[in-house]
Amino acid sequence: MTDDTETDGRRSKVQRVIDEYELDGLGDELERAWTAPDPDERESLRDLAMRFNEQMLEAALRDAGDTVLEGEIENTYHLLTGESVSSGDRKRAERRLKRQGIDVDTIRSDFVSYQAIRTYLKEHRGAEQGSADVDRRQKTVETVQRLRSRLVTVAEDRLQSLQSAGEVSLGEFRVILDLRVVCEDCGTQQSFTDLIEEGGCECAS
């Protein structure tokens, strides 16, 4: 799944897929769902990416002349992308799509990530979530980033002191602090910042 999220005046990947699959109105739909006035009614970027990909898959099947049954799109998308899906089930789903005239490689490469949805909404549509809970998330990120920078600075200073005293053998160096959050329930692993900005883990899907 590639992001292809250009911001220099060219179409983003999301906009390109909307145009190519004639998903008219989907951009407005995504923006409304992400910026709903009531925070409890908002959809996460991960949910929006899933909705986007399922609608794209449905459009591809309809263009191929296939009759789409209830629940078929969700199931097919899960078979193509789910981490827990067996290779046998995935291959059977791929063969079925190929028999229907669907180029599976193209479909899969056109799927978008939640990062691409975020770039599309924020940078290409100028969408913002203007409420107190967003401010709290932003302040949380800023607070942790300040603490992270302080910890890196302290670690570098201590290492330089030990290096100068000959207690540690070390060449030119830099300290990298990778702060990640692992959800024990769904197994999702994300950077702290991505988790806050995206609004949660797989448990919210």
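This text goes with the structure placed above it.
Below is a short write-up of the structure. Keep in mind that this is a model prediction, so the values were computed, not measured.

## Here we look at the overall build of the protein chain
Okay, so step 1: Along its length, the protein chain carries 9 helices and 2 strands.
Okay, so step 2: The secondary structure elements of the protein chain, listed N-terminal to C-terminal, are α-α-α-α-α-α-α-α-β-β-α.
Okay, so step 3: For a compact globule of 205 residues, the expected C-alpha radius of gyration is about 17 Å, and the protein chain comes in at 22 Å, more than 25% above that figure.
Okay, so step 4: Classification of the 205 residues of the protein chain by burial places 36% in the buried group.
Okay, so step 5: Partitioning the intrachain contacts of the protein chain with sequence separation of at least 6 by distance along the chain shows that 57% fall at a separation of at least 24.
Okay, so step 6: As displayed, the protein chain has an accessible area near 12500 Å², and 44% of this comes from carbon and sulfur atoms.
Okay, so step 7: Taken together, the 29 basic and 45 acidic charged side chains of the protein chain have centroids lying 3 Å from each other.

## Some details on the packing of aromatic side chains
Okay, so step 1: Applying the stated criterion across every chain, the model contains 1 aromatic pair.
Okay, so step 2: Between Tyr 77 and Phe 111 the ring centres are 5.1 Å apart and the planes differ by 85°, which places this aromatic pair in the edge-to-face class. Taken together, the positions of Tyr 77 in helix α4 (residues 72-81) and Phe 111 in the loop between α6 (104-110) and α7 (114-124) put the pair 34 residues apart, joining distant regions of the chain.
Okay, so step 3: On the basis of relative accessible area, Phe 111 is assigned to the buried category, the value being 1%.

## A closer look at the pattern of salt bridges
Okay, so step 1: Evaluation of the coordinates by the stated rule reveals 11 salt bridges.
Okay, so step 2: A salt bridge links Asp 89 to Arg 92; its shortest N-O distance comes to 2.3 Å. In this pair, Asp 89 and Arg 92 both sit in helix α5 (residues 87-99), 3 residues apart, roughly one turn of the helix.
Okay, so step 3: Arg 118 is the salt-bridge partner of Asp 194, the closest N and O atoms lying 3.8 Å from each other. Residue Asp 194 is located in helix α9 (residues 192-198), and its partner Arg 118 is located in helix α7; the two are separated by 76 residues in the primary sequence.
Okay, so step 4: Looking at Asp 194, the relative accessible area reads 22%, which means it is partly exposed.

## Regarding α7
Okay, so step 1: Listed as buried for α7 are Tyr 114, Ala 116, Ile 117, Arg 118, Thr 119, Tyr 120 and Leu 121.
Okay, so step 2: Elements in contact with the buried residues of α7: α1 (13-20), α2 (26-34), α3 (45-63), β2 (189-191) and α9.
Okay, so step 3: Note on α7: the residue one or two positions beyond its end, Gly 126, has a positive phi of about 70°.

Conventions used here
- Residues numbered from 1 in each chain as written.
- Predicted model: local features only at pLDDT ≥ 70, side-chain atom pairs only at ≥ 80, totals over all residues.
- Heavy atoms only, no water.
- Helix = DSSP H or I, 4+ residues; strand = E, 2+ residues; numbered from the N terminus.
- Rg over C-alpha atoms; globule rule 2.2 N^0.38 Å.
- Buried < 20%, exposed > 50% of the residue type's maximum accessible area, 1.4 Å probe, protein only.
- Contact = heavy atoms within 4.5 Å.
- Areas by Shrake-Rupley, 256 points an atom, 1.4 Å probe, with all protein chains shown as cover.
- Lys, Arg positive; Asp, Glu negative; His and termini not counted.
- Charge placed at Lys NZ, Arg CZ, Asp CG, Glu CD.
- Phe/Tyr/Trp six-rings, centres within 6.5 Å; stacked < 30°, edge-to-face > 60°.
- Salt bridge = Lys/Arg side-chain N within 4 Å of Asp/Glu carboxyl O.

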